[in-house]
Amino acid sequence: MTGPLISVDELRSALTGGSGPTRPTVLDVRYRMGGPSGPGEYAAGHLPGAAYVDMDTALAAPPGEGGRHPLPDVAVLESAMRRAGVCAGRPVVVYDDWSGLAAGRAWWLLRYHGHTDVRVLDGAWAAWVAAGGPVETGSTTEVAPGDFIADPGHLPMVEAEQVLDVEVLVDARAPERYRGETEPIDPVAGHIPGAVNVPTSRNLGPDGLFLSPGELRALYAYVGATAEAGDRGEVAAYCGSGVTATHDVLAMEVAGIRAALYPGSWSGWITDPHRPVACSR
């Protein structure tokens, strides 16, 4: 593994030149909150050989005290990844049509559960299409079952009772939601006290690609998230439901910063009315 991102050219080369254990397993995890159906978009066109993995049934548990997208049951994730052809010794590439926000969740889950070679397609589906990459259609793709064994705990994570002790807590939501000016999804507006705001949109350039490692280091250093702080376990990220925060975790990984994820995020935090809430209007 050479990093958490893979370019369109690198992926095309891997798919055309690789075979057996060197050829990546490609996962289509298209999902957008309030957007078009992921399975429908997949059927209309997807990367050759890609298997579709559903956010709500495979990459998250049902909503509850853990928020709107709690982490999936280990057995559920393992079964879904095996059906999609994921093997422990074979690289995995994940993509979406949401600037990497859903793909980041799949990347984090696979890495957290022990897969060591997972990469996100930089620029997502739009970059693949713009580059003239080949496209398949159809609602299903035949893949050989995988042998992935989910073993949780390989990436750092924090729970609600630890969040207020995090030195640099990054809120990945849009600025107006962070400030508490509006809250279109959750019943309470605001942010976790002490959190700093780095919206996921800041991770990308105008071309839809992730910023360079140096640019990302500067972006996160501005709020105190540095490689040194990450090595000390002092950096974590959250969002609304624990999905898009993985985009900030991924961006910090590109920058060489180790960051934990708070999976419950804002929607889980506010399930307990005794937890403090901050606004900066």
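For clarity, every value in this text was computed on a predicted model and none was experimentally measured.

Calculation rules
Residues numbered from 1 in each chain as written. Predicted model: local features only at pLDDT ≥ 70, side-chain atom pairs only at ≥ 80, totals over all residues. Heavy atoms only, no water. Helix = DSSP H or I, 4+ residues; strand = E, 2+ residues; numbered from the N terminus. Rg over C-alpha atoms; globule rule 2.2 N^0.38 Å. Buried < 20%, exposed > 50% of the residue type's maximum accessible area, 1.4 Å probe, protein only. Contact = heavy atoms within 4.5 Å. Areas by Shrake-Rupley, 256 points an atom, 1.4 Å probe, with all protein chains shown as cover. Phe/Tyr/Trp six-rings, centres within 6.5 Å; stacked < 30°, edge-to-face > 60°. Pairing = 2+ DSSP bridges.

Points about the overall build of the protein
- In terms of regular secondary structure, the protein is built from 12 helices and 9 strands.
- Taking 2.2 N^0.38 as the reference for a compact globule, 281 residues should give roughly 19 Å; the C-alpha atoms of the protein span a radius of gyration of 18 Å, in line with that estimate.
- Seen through its C-alpha atoms, the protein measures out along the principal axes to roughly 50 × 40 × 30 Å.
- Counting every position in the protein, which comprises 281 residues, the buried fraction comes to 53%.
- Intrachain contacts of the protein at a sequence separation of at least 6 include 76% that bridge at least 24 residues.
- Surface summary for the protein: the accessible area is close to 11700 Å², and the carbon and sulfur share equals 52%.

Regarding helix α11 (residues 245-254)
- The element α11 is extensively covered by neighbouring structure, given that 9 of its 10 residues are classed as buried.
- Restricting attention to buried positions, one finds in α11 the residues Ala245, Thr246, His247, Asp248, Val249, Leu250, Ala251, Met252 and Val254.
- At the C-terminal side of α11, Gly256 shows a positive phi close to 85 degrees.

Points about unusual backbone geometry
- You will see that Ala124, though not glycine, has its phi angle at about 60 degrees, which is positive.
- The backbone of Ser265 shows a phi angle near 50 degrees, a positive value even though the residue is not glycine.
- Turning to its location among the elements, Ser265 is positioned in helix α12 (residues 265-269).

Some thoughts on the environment of Ala278
- Position of Ala278 relative to the elements: it lies in the segment after α12.
- Ala278 gets classed as buried once you look at its relative accessible area, which sits at 18%.
- Sequence separation between Ala278 and Asp9 is 269 residues, and the spatial gap between their C-alpha atoms is 44 Å.

Some remarks on the packing of aromatic side chains
- For the coordinates displayed, the defined rule picks out 4 aromatic pairs.
- Ring centres 5.8 Å apart and planes at 70 degrees place the aromatic pair Tyr31 and Trp98 in the edge-to-face group. Note that Tyr31 is positioned in the loop between β2 (25-28) and α2 (38-44) and Trp98 in the loop between β4 (92-95) and α5 (101-112), a separation of 67 residues in sequence. Here Tyr31 matches Trp98 in class, with each residue buried.
- Relative to Trp125, the ring of Tyr95 has its centre 6.0 Å away and its plane inclined at 20 degrees; by these criteria the two rings are stacked. With Tyr95 in strand β4 and Trp125 in helix α6 (residues 124-130), this pair connects stretches of sequence that are 30 residues apart.

Quick look at the sheet that holds β2
- Ordered by their spatial adjacency, 5 strands build an open sheet running β1-β5-β4-β2-β3, and the pairing between neighbours is parallel. On the outer flanks of this sheet lie β1 (5-6) and β3 (51-52), each paired with one strand and no other.
- Sheet topology places β2 next to β4; 4 bridges connect them, and they run parallel. The partner of Asp28 across the bridge, within β4, is Tyr95.

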